[in-house]
Amino acid sequence: MTIKEVISIIEKQIAMPQAEDFDNVGLLCGIPSRNVSGVLVCHDALENVVEEAITRNCNLVVCFHPIIFSGLKSLTGKNYVERAVLKAIENKVAIYAIHTAFDNDYSGVNAGICNALGLKNLKILQPKKNNLKQLNVYVPSDYSEQLKEALFSAGAGNIGFYDECSFKTEGNGTFRPVEGSNPFSGQQNVRENADENMISVIFEGYKQHQIITAMKEVHPYEEVAYQIYSLDNENQYSGLGMYGEFDQEMDEKDFLRFIKDKFNVKVIKHSDFTDKKIKRVGVLGGSGASGIKSALAKKCDAYITGDLKYHDYFQAESKILLCDVGHYESEQWVAQQLFEILSQKISTFAILNSSEKTNPVNYFL
């Protein structure tokens, strides 16, 4: 199996185009056609992790954070990024990063946190906006099922936990082939009437090219009549953060003890107590100050994230308990999630979890 084929398996589970625009996801270095000897899954592809991959005969490292984030103008080993990339290139080790594509995934980083905490009734905290589009296409009645199958196969009509969603409207269309045309039916310079269906499907914007290509390949008309609309609807199944509820509410101090145990941390920074019970909880792995307002709007009793700054805590205003468990700590389940995704699909070579420490933050107690 090649690196490209492994990547294809990953991208069938995690939609890379849903990553944030600022991010640098995908294959960062390596030749896609090279055969894979083993995969090492990790949080950060640092130099010690690349060395571990070499030692354990893995020539593909699948990581969460991209080691190459901003542009590299030289590769001389002068910092930790260049040293890791140089070691990978020199030893023919490929590096593939998923980062915010997995942050935005319904089953990704934040689902991992919610599942570890035992939260139920999960919903996206900050649903993606300007993400959905609608296609209306007109087709002869006898070809509508064939067209729908092609659209569904290309990824149209997926809405949350449902797929093959569409709507059909029956009607009568007119057209007049003019000189130079090669009509599917009718004759030149004569206006024709045709029994047609309008097929309507919703899709995520990044799928547009593949969907339109599939539509044109099976459509019988020389000129396909269709419209694409951008929707104001939020995508309720893609976006940053999640929130859910406990079966039983708990006191704030009991809640802090609970998450201290679940996240296996020695200290939690938090805002002032609100003297409310904790039942609905919002989470956002990594640096999550941007989700505080959303957690308040969703009436969360507590919000768990990392990297909160001094002034972020004032936003609580005695309405919510803000909890900073640490950046790495809030993302700690990612590597295991990736390990499970790959292990379920690949049995021809080893899928290994890195044992190297990459959390740069330490605590002196």
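The shown structure was predicted, so the numbers you read here are calculated from the model rather than taken from an experiment.

The rules we used
In this numbering scheme, every chain counts its residues from 1 along its sequence in written order. The predicted origin of the model limits local features to residues at a pLDDT of at least 70 and limits the giving and counting of side-chain atom pairs to 80 or more, whereas totals for whole chains, interfaces and linings rest on all residues. The side-chain numbers reported here are obtained from all heavy atoms of the structure, hydrogens and water having been left aside. Note on conventions: DSSP H or I runs of at least 4 residues are helices, E runs of at least 2 residues are strands, and numbering of each starts at the N terminus. Here the aromatic set is Phe, Tyr and Trp, taking the six-membered ring for Trp, and pairing holds for ring centres within 6.5 Å; pairs whose planes are under 30 degrees apart are stacked, those over 60 apart are edge-to-face, and all others are tilted. Three exposure classes are used, based on accessible area relative to the maximum for each residue type with a 1.4 Å probe and protein chains only: buried under 20%, partly exposed in between, and exposed over 50%. In this description, strands pair whenever DSSP reports at least two bridges between them. Interaxial angles span 0 to 180 degrees and are taken between N-to-C directions of axes, which are lines fitted to C-alpha atoms, for helices over the stretch in contact. Whether two residues are in contact is decided by their heavy atoms: any pair within 4.5 Å suffices. Charge assignment in this entry is limited to Lys and Arg as positive and Asp and Glu as negative, and neither His nor the chain termini are counted. Salt bridges, as used here, are contacts in which a Lys or Arg side-chain nitrogen is within 4 Å of a carboxyl oxygen on Asp or Glu. Each polar contact in these results corresponds to two N or O atoms within 3.5 Å; when the atoms are within protein, one needs to be able to donate a hydrogen and the other to accept it, and residues that are neighboring in sequence are counted only if both atoms are side-chain atoms.

A.B. asks: Describe unusual backbone geometry, with residues and values.
C.D. replies: The backbone of His99 shows a phi angle near 30°, a positive value even though the residue is not glycine. Mapped onto the secondary structure, His99 falls in helix 4 (residues 99–103). Of note in this structure, Asn121 is not a glycine but carries a positive phi near 55°. You can see Asn121 is positioned in strand 5 (residues 120–128).

A.B. asks: Residues and numbers for the packing of aromatic side chains, please.
C.D. replies: Evaluation of the coordinates by the stated rule reveals eleven aromatic pairs. Between Phe184 and Tyr221, the ring centres sit 6.1 Å apart and the planes meet at 50°, which makes this aromatic pair tilted. With Phe184 in the loop between strand 7 (167–175) and strand 8 (192–204) and Tyr221 in the loop between helix 7 (208–218) and strand 9 (226–230), this residue pair connects regions lying 37 residues apart in the sequence. Phe184 gets classed as partly exposed once you look at its relative accessible area, which sits at 41%.

A.B. asks: Give a description of the sheet that holds strand 2 (residues 38–44) that names residues and reports values.
C.D. replies: What links the strands of a sheet is backbone hydrogen bonding, and the strands pair in either a parallel or an antiparallel sense. Strand order in the open sheet formed by five strands is 1-4-3-2-15, and the pairing between neighbours is mixed. Looking at strand neighbours, the two that pair on one side only are strand 1 (26–29) and strand 15 (350–353), the edges of this open sheet. Averaged over all pairs of adjacent strands, the angle between their axes in this sheet comes to 25°, without regard to strand direction. The pairing of strand 2 with strand 3 (residues 60–65) spans five bridges and is parallel. Considered in strand 3, the bridge of Val39 is made with Leu60. The strands that helix 1 (residues 3–13) touches are strand 1, strand 3 and strand 4 (94–97); relative to strand 4, the one it contacts most, it runs at about 15°.

A.B. asks: How would you summarise the side chain of Glu329 if you had to cite specific residues and measurements?
C.D. replies: Tracing the sequence through the fold places Glu329 in helix 10 (residues 327–330). Buried and without a salt bridge, Glu329 has Lys357 as its closest oppositely charged side chain, separated by 8.5 Å. Leave out the neighbours within four places in its chain, and Glu329 touches Phe263, Val265, Asn359 and Tyr363.

A.B. asks: Summarise the side chain of Glu196; cite the residues concerned and give the values.
C.D. replies: For Glu196, the position within the fold is in strand 8. At 13 Å, Arg191 is the nearest oppositely charged side chain to Glu196, a buried residue that forms no salt bridge. A polar contact is formed between the side chain of Glu196 and the side chain of Tyr221, at a distance of 2.7 Å. If we ignore the near neighbours within four places in the chain, the residues touching Glu196 are Tyr138, Val139, Pro140, Ser141, Thr169, Glu170, Gly171, Gly173 and Tyr221.

In short, geometric facts, not functional conclusions.
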